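Structural features, examined
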Amino acid sequence: MKIGDLVKVKDCESLDTNHPLWESCQCFFCAGDSNRVGVVIGPAPRNSWHVMFDCGSWRLDGFDEANGDVKVISESR
């Protein structure tokens, strides 16, 4: 990842809505009703990046990318 890259965070795993204790996912992206697409806006502490999404700013790092939790969908020039 680098400044200006467009990234997409993967969707959360589906929850069992038939379970009696079901509650909707409350992660940052689900709670913010995000489209999960963001732009890398700058470096952050501990080798990570600040990314601006439609629901606010979040920090991602190389582990997120290596685990497949986020992928670069368009590289900046």
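Check the entry above for the structure.
Computed from a predicted model, the values in this text were never measured in an experiment.

For the rest of this paragraph, the subject is the overall build of the chain. Within the chain one finds two helices and five strands. Projected onto the principal axes, the alpha-carbon positions of the chain cover approximately 50 × 25 × 25 Å. Classification of the 77 residues of the chain by burial places 21% in the buried group. Within the chain, contacts between residues separated by at least 24 positions form 53% of all contacts whose residues are at least 6 apart in sequence.

Here the focus is the packing of aromatic side chains. Two numbers describe a pair of aromatic rings. These are the distance of the centres and the angle of the planes. Under the definition given, this model contains four aromatic pairs. For the pair Phe28 and Phe29, a centre-to-centre distance of 5.1 Å together with 80° between the ring planes defines the contact as edge-to-face. Phe29 gets classed as buried once you look at its relative accessible area, which sits at 7%. Through successive ring pairs, a cluster of aromatic residues spans Phe28, Phe29, Phe53 and Trp58.

A cluster of nonpolar residues, Leu6, Val39, Ile41, Met52 and Ile73, forms a patch on the protein surface that exposes about 370 Å² of accessible area. As for its position among the elements, Met52 is in strand β3 (residues 48-53).

With that settled, the discussion passes to the nonpolar core. If you look at the biggest cluster of nonpolar residues, it comprises eight residues: Val7, Val9, Phe29, Val40, Val51, Phe53, Leu60 and Val70. Sequence-distant contacts of Phe29, that is, excluding residues within four places in its chain, are made with Val9, Ser34, Arg36, Phe53, Cys55 and Trp58.

So, about the sheet that holds β3. In spatial order, the strands read β4-β3-β2-β1-β5; together these five strands make up an open sheet with antiparallel pairing. The strands lining the two open edges of the sheet, one partner per strand, are β4 (56-61) and β5 (70-74). The average angle at which neighbouring strand axes cross in this sheet is 45°, direction not considered.

Our next topic: the side chain of Asp5. Looking at the secondary structure, you find Asp5 in the segment before β1 (6-9). Within the structure, the side chain of Asp5 is placed 3.0 Å from the backbone nitrogen of Lys2, a separation counted as a polar contact. Separated by 2.8 Å, the side chain of Asp5 and the backbone nitrogen of Ser76 make a polar contact. Beyond its immediate chain neighbours, meaning those up to four positions away, Asp5 contacts Gly38, Val39, Val40, Val72, Ser74, Glu75 and Ser76.

Conventions adopted
Residues numbered from 1 in each chain as written. Predicted model: local features only at pLDDT ≥ 70, side-chain atom pairs only at ≥ 80, totals over all residues. Heavy atoms only, no water. Helix = DSSP H or I, 4+ residues; strand = E, 2+ residues; numbered from the N terminus. Buried < 20%, exposed > 50% of the residue type's maximum accessible area, 1.4 Å probe, protein only. Contact = heavy atoms within 4.5 Å. Phe/Tyr/Trp six-rings, centres within 6.5 Å; stacked < 30°, edge-to-face > 60°. Patch = residues over 30% accessible without salt bridge, like charges linked within 9 Å, V, L, I, M, F, W, Y side chains within 5 Å. Areas by Shrake-Rupley, 256 points an atom, 1.4 Å probe, with all protein chains shown as cover. Salt bridge = Lys/Arg side-chain N within 4 Å of Asp/Glu carboxyl O. Core = buried A, V, L, I, M, F, W, Y, C linked by side-chain atoms within 4.5 Å. Pairing = 2+ DSSP bridges. Axes fitted to C-alpha atoms, helices over the stretch in contact; angles between N-to-C directions. Polar contact = N/O pair within 3.5 Å; in protein donor to acceptor, adjacent residues only side chain to side chain.

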